[in-house]
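A closer look at the structure
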Amino acid sequence: MLTLLSDLPLLIPLILLPLLLSISIFKDKLDFPAHWWNGILLLSLATTFFHALGIHPDIYSIFFAFGITLGVFFRRKTILHFFHISQFPFDFNRAIVFFTLLVLLTYGVLQINTHTIIGGDVFPIWLNKTKSIFSGIAYSSLPVVQYPSLIPTFNAFAMKFTGGYHPNRGLYFGLVLFFFWIFSFFNLLKSRFSFFDAIVISFIAILSFDKSVFNGMQDTILMMGAGMASIAFIKHFEYSRSKFDDTLVLKGRGLYWVGIFFSGMLPLIKSEGIILGAILVGLSMVIVFAITPNTSISVIKRYIFPVFVFILLVAIWPVILYTGDVNITNIQGDNLTLSSLLDISHNLGRVPIIMNYFMSYIKSIYIYFFTSLVLSGIALWLSPKLKQTLIFLWCVGVLNWLFISIVFLSTRAPLIWHLDTAFNRLMSQHFFIYILSTLIVAQDFSQVWEYDHE
Amino acid sequence: MTMSYQYPNILKKFSIIALIVLMLPQAVTSFFEIGPSIVDDFKVLHRSTSNDLFVTNYGYCNKVGVGYLRKIVPSIPDTEIFPVVRYGDWYRYPHVLFRDRRIKNDNRVLIGIDLHKNDIRETKITEAVMESADKTISTWLFHTGFDYELLTGYNFLLCDNSSLVEEKYIVTLYDSYKNYEEIGQWFFTIQNNNERISTIHLDEPISDFSFTRGATNFVLELKNITPNNSNKNICGIEILGVKIDIRDYTIFHLEENKKLCFSAIKNSFYQEIKNDDLTLWQNYLDGISNVDFAK
């Protein structure tokens, strides 16, 4: 039990610092979960920069803790104002979701502390990186050097608050992320939060909570990050359609930037995040131009600049590696290179094998896949206002399937070994599309009961 | 108008109910699995220390061998180094489970975990499979599965109907088809006698032979250079090797129950300890040793 008590200081870097950092910068422009996500990504980005500059974690940890405390002192009125105006409604329906999350978090914390860490790459890559960064080793000397190190860097930073490196402490990151990921669904929905919404969110939380949330692998973290970017884009689509409320339109523009920032951080979590982020940003632009009645030059300019920022964010990790004299073209060894893409036309015989893996993955998530597919189909027919959102989400899925197919059509590693070790993990990275489409349609449909009561 | 409005509403209500009914059984099952698990985990956490749990989960002289490593590693005088650790199957990156700052692997100390006695001796690794053959050259493939530190030789199994005349061969080993890099080349002669197995031991064993290769095959090429002879006399090839090479080491700590765990020090470094009077290391070895090792 003492282990749990000694882990308590982790609450400072994991929850308090990200929230305070984001609120003091962005005031009331974001809601609670988006603030936390924004804060943790900003903090992780800052630790990554400082580490890349060769500053020891012992130094930048103190610097950040001191800097944020100072910032909080000077912005105390802003922060207090945020907590005052946000006055988060806490009713019976929301309590159902919080109770479910509390049970899941308790389960996760106990599992982390009583069971073996599992997951093929956790020891050789992620914990190995965390321990090396904790000791001040430069990025260019890390194991599996090309893999991005955002989460290991933040974990090493967070561990400084508990006095030392501990393999289990890095695993809490996924748990807290999961809490704020589910928490963000409240904001996705309308202000009226029905009993049905509470039941659906609780079921989604239970069914999507497995060991991948806290086993230290980065795929579920990437999935949740991409889901958060999608939520920001979806809200942006919704607010952009608002013709009469300028405040909403402005808020929507802000949310587009949030979506861009979250998408741009994905490549710093995992290399595949470059593709996922590009898909999210590209599709969001297509949808925006489709729903904007008159696409003038000024509108195009408004959206081109965020894309430029996205490209800058994507370039951060390659630039860090390049300045450390690391070969940035060799992400997956000889197994996957630009030249191996030329082999695709010769490897089309692999399609049936890849399809087998695809079908068995779909079988493993059949409840999510078919409910979201059927609900989306019905919603496209009955709720035209959800059209853009659903097309956006399903196009993300289809483009990501296409990317995964290209990976396995061009890999030079033994195909079955590569499929066995990577296919399900890659597919899980866009799992959020099933969650969000189900949730959005369910919430829209559940309003018919409210109309009946009115 | 009313009718056309109602039908969609009924479909929406039906969809929501269907969604909840579909999710309900799995959600309830998961929830009822999680509940008892929370109680059990809480009891485990209540009655065990963090150290006990680590040894239970990651093994004493098995699995990752955290228990044995905790006995040997923390008192190593150089606080930055972690010994080289070898397992009976593959490497497990044990240093990430330690809370210290030891991240530099140092081969002056070697630790073996979860081993059989045969793991430090020459054994048959596997049998190669013939992939293709023409008149004089045959190509064979094999993978080791587990990590092997040394390749020490080959057993050539002669066919029952082989002609039993003296034959000369060139054997070439390549890393893999993908990376067609030559690892070694050897000449050998099959003698004209009644033995059905012809063994060659390499004068210089190949070190750092096979680590974390998974199912990647080595490629072995066999060329019969005897004039007017074909290579049809060889029906099989066994690969010989050693999992853990302790030729340059002296064991200073040993635990043997069902499995073997040992700690060894590099001979050259031990000489340095004695010659240069490295007191900290000498005290460490004196304090921890449980075998009568070379004094």
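What counts as what
- Residues numbered from 1 in each chain as written.
- Chains lettered and ligands numbered in written order.
- Predicted model: local features only at pLDDT ≥ 70, side-chain atom pairs only at ≥ 80, totals over all residues.
- Heavy atoms only, no water.
- Helix = DSSP H or I, 4+ residues; strand = E, 2+ residues; numbered from the N terminus.
- Rg over C-alpha atoms; globule rule 2.2 N^0.38 Å.
- Buried < 20%, exposed > 50% of the residue type's maximum accessible area, 1.4 Å probe, protein only.
- Contact = heavy atoms within 4.5 Å.
- Pairing = 2+ DSSP bridges.
- Axes fitted to C-alpha atoms, helices over the stretch in contact; angles between N-to-C directions.
- Disulfide = S-S within 2.5 Å.
- Salt bridge = Lys/Arg side-chain N within 4 Å of Asp/Glu carboxyl O.
- Phe/Tyr/Trp six-rings, centres within 6.5 Å; stacked < 30°, edge-to-face > 60°.
- pLDDT = per-residue confidence, 0-100.
- Buried area = accessible area lost by both parts, 1.4 Å probe.
- Polar contact = N/O pair within 3.5 Å; in protein donor to acceptor, adjacent residues only side chain to side chain.
- Nonpolar A, V, L, I, M, F, W, Y, C, P; charged D, E, K, R; others polar.

Quick look at the overall build of chain A
- Summing up its helical and strand segments, chain A has 20 helices and zero strands in all.
- A compact globule built from 454 residues would reach a C-alpha radius of gyration of about 22 Å, and chain A, at 22 Å, matches this within 12%.
- For chain A, the spread of C-alpha atoms along the principal axes amounts to about 65 × 60 × 50 Å.
- A buried classification covers 59% of the 454 residues belonging to chain A.
- Here the analysis covers contacts within chain A between residues at least 6 apart in sequence; of these, 78% occur between residues at least 24 apart.

Side note on the overall build of chain B
- A count of helices and strands for chain B gives five helices and 12 strands.
- For 295 residues, the compact-globule formula gives about 19 Å, and the C-alpha radius of gyration of chain B, at 29 Å, lies well above that figure.
- Each principal axis of the C-alpha distribution contributes one length, and for chain B these read about 100 × 65 × 30 Å.
- Put simply, chain B has 295 residues, and 47% of those count as buried.
- Once local pairs closer than 6 in sequence are excluded, the contacts in chain B between residues at least 24 apart make up 71%.

Concerning the sheet that holds strand β1 (residues 81–87) of chain B
Residues and elements named next belong to chain B.
- With mixed pairing, four strands are arranged side by side in an open sheet as β1-β2-β12-β11. At either end of the open sheet lies a strand with only one pairing partner, and these are β1 and β11 (249–256). Taking the axes of each pair of neighbouring strands and ignoring which way they run, one obtains an average angle of 25° across the sheet.
- Where β11 lies against strand β12 (residues 260–266), seven bridges are found, and the strand directions are antiparallel. Bridge pairing links glutamate 255 to cysteine 261 in β12.
- Against the sheet, helix α4 (residues 267–275) touches β2 (104–115), β11 and β12, its axis set at about 60° to β12.
- Together, β1, β2, β11 and β12 form the strand contacts of helix α5 (residues 279–288), whose direction differs from that of β11 by roughly 30°.

Considering the state of the cysteines
All names here are of chain B.
- By the definition in use, this model includes two disulfides over all chains.
- Paired by a disulfide, cysteine 61 and cysteine 261 hold their sulfur atoms 2.0 Å apart. Measuring the twist about the S-S bond at about 120°, one finds the cysteine 61-cysteine 261 disulfide to be right-handed. Residue cysteine 61 is located in the loop between α2 (50–58) and α3 (66–72), and its partner cysteine 261 is located in strand β12; the two are separated by 200 residues in the primary sequence. Summarising the burial analysis for this pair, cysteine 61 and cysteine 261 share the class buried.

Focus on the pattern of salt bridges
- Under the defined criterion, the tally for this structure stands at 24 salt bridges over all chains.
- Of the charged contacts, one joins arginine 102 of chain B and aspartate 100 of chain B as a salt bridge, the two residues approaching to 3.7 Å between their closest N and O atoms.
- Residue arginine 102 of chain B is classed as buried on the basis of its relative accessible area of 3%.
- When the shortest N-O distance is used, the salt bridge between arginine 247 of chain B and aspartate 245 of chain B registers 2.9 Å.
- The exposure class assigned to arginine 247 of chain B is exposed, which follows from its relative accessible area of 52%.
- Within this structure, Asp219, Lys270, Glu272 and Arg425 of chain A form a network of salt bridges that share partners.

Brief notes about the packing of aromatic side chains
All names here are of chain B.
- Enumeration according to the criterion identifies 62 aromatic pairs over all chains in this entry.
- Ring geometry for phenylalanine 156 against phenylalanine 188: centres 4.2 Å apart, planes inclined by 10°, an arrangement best described as stacked. Here phenylalanine 156, found in strand β5 (residues 148–158), pairs with phenylalanine 188, found in strand β7 (residues 182–190); they are 32 residues apart in sequence, far enough to count as distant. Each member of the pair, phenylalanine 156 as well as phenylalanine 188, is classed as buried.

Some words on the environment of phenylalanine 237 of chain A
All names here are of chain A.
- Secondary-structure assignment places phenylalanine 237 in helix α12 (residues 219–240).
- For phenylalanine 237, a relative accessible area of 0% translates into the label buried.
- Residues phenylalanine 237 and valine 288, 51 residues apart in the sequence, show an inter-C-alpha distance of 6.7 Å.
- Apart from residues no more than four positions distant in its own chain, phenylalanine 237 is found in contact with Ser284, Ile287, Val288, Ile291, Thr389 and Phe392.

A word on the confidence of the model for chain B
All names here are of chain B.
- Per-chain confidence: chain B averages 88 in pLDDT, with 94% of residues scoring 70 or above.
- The secondary-structure element of chain B with the lowest mean pLDDT is helix α1 (residues 2–47), recorded at 84, while β12 shows the highest, at 96.
- Confidence estimates for the predicted assembly give a pTM of 0.89 and an ipTM of 0.85.

Notes on the interface of chain B and chain A
- Listed per partner, the contact involves 43 residues of chain B and 59 residues of chain A.
- In total, about 4800 Å² of surface goes out of reach between chain B and chain A, with carbon and sulfur atoms giving 73% of it.
- Applying the counting rule to chain B against chain A returns two salt bridges.
- The shortest N-O distance in the salt bridge between aspartate 100 of chain B and lysine 131 of chain A comes to 3.0 Å.
- At the junction of chain B and chain A, the tally comes to 10 residue pairs in polar contact (both at pLDDT 80 or more).
- Mapped by element, the contributors of at least two residues to the side of chain B that touches chain A are α1 and α2 of chain B.
- Looking at the side of chain B that touches chain A element by element, the count peaks at 26 residues for α1 of chain B.
- Split by residue class, the side of chain B that touches chain A holds 25 nonpolar, nine polar and nine charged.

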